[in-house]
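Spelled out from the first residue to the last, the chains are:
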Amino acid sequence: MKKLFVMLMIFATAMIASAENASDILAQLNKIQSYSADFIQKTEIQGFGSDTYSGKLYIKSRNRAMWDYSRPYRQFYLFDQSVMRFYDSENKQLIIQRLDPSTNAYMRLMMNPSDIRKDFRADYSSATGKLMLSPANPSSGINSMVFTVKDGMITGITTKDQNGNNTSIMFTNIKTNPDLPDSIFSPSVPKDTEVFKR
């Protein structure tokens, strides 16, 4: 579930200037070439309590994304158009998994937000500043996603899955179209890390 949430959130920290409806928002998301943000994520698993994470998010040129967790311990999700790398410092593991955006709605959402209506119903209320996404496919595992818009920026996201679990994330220090060095997307891991390829 955490991996799914990360993939959904990758596209979220974009500027939305004078948006009147969902189409305006999606069109403006598609213009963003790169962005970065700090985040705090809280995940509540029914029957197991909650966990809080924090770190930084980086996206560049719609083909690379780095979701870099610093607390409570180092983790990262590194995406390109065909591969996801997940590193967990607590378990000393790096998982490398091939992905196919053509068959994965969440990868398409990450790489091309303008195609979101192929997989989600999107509604925007300018009165409440909420962008609401509902999956077109009931078997997606997600019940709903709600994006909070403030001062032209997406500053928060909440999701609920079909098991009643909730995830919320708050963004701060949002920067659109920053110059991101390639080194951000080439993180190193310790030599004793166990590597799994799927």
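Quick caveat: nothing in here was measured; it's all calculated off a predicted structure.

Across all of its chains, the model carries seven salt bridges by this definition. Salt-bridge contacts for K60 lead to D182; the nearest nitrogen and oxygen are separated by 2.9 Å. Linking K60 in strand β2 (residues 49-60) with D182 in the loop between β11 (166-176) and β12 (194-197), this pair joins segments that are 122 residues apart in sequence. A residue is classified by how much of its surface remains accessible, and K60, at 17% relative accessible area, is buried. Taking relative accessible area as the criterion, D182 reaches 44% and is therefore assigned partly exposed. Two residues, D192 and K92, come together in a salt bridge whose shortest N-O distance is 3.5 Å. Within this pair, whereas D192 is found in the loop between β11 and β12, its partner K92 is found in the loop between β5 (83-88) and β6 (93-98), the two being separated by 100 residues in sequence.

Let's shift gears to the pairing of strand β1 (residues 34-45). Bridging between β1 and β2 involves twelve bridges; their strand directions are antiparallel. Looking at the pairing, I40 lines up with S54 of β2. A loop of three residues connects β1 with β2, the two strands running antiparallel in sequence, and G47 in this loop sits at a positive phi of about 85 degrees.

This brings us to the confidence of the model for the chain. Averaged over all residues, the pLDDT of the chain is 80; the fraction at 70 or higher stands at 75%. At the low end of the mean pLDDT range in the chain sits helix α1 (residues 2-9), at 51; at the high end sits β12, at 96. This model gives residues 12-19 a pLDDT under 50, and the stretch forms 36 contacts once residues within four places in sequence are excluded.

Conventions used here
Residues numbered from 1 in each chain as written. Predicted model: local features only at pLDDT ≥ 70, side-chain atom pairs only at ≥ 80, totals over all residues. Heavy atoms only, no water. Salt bridge = Lys/Arg side-chain N within 4 Å of Asp/Glu carboxyl O. Helix = DSSP H or I, 4+ residues; strand = E, 2+ residues; numbered from the N terminus. Buried < 20%, exposed > 50% of the residue type's maximum accessible area, 1.4 Å probe, protein only. Pairing = 2+ DSSP bridges. pLDDT = per-residue confidence, 0-100. Contact = heavy atoms within 4.5 Å.

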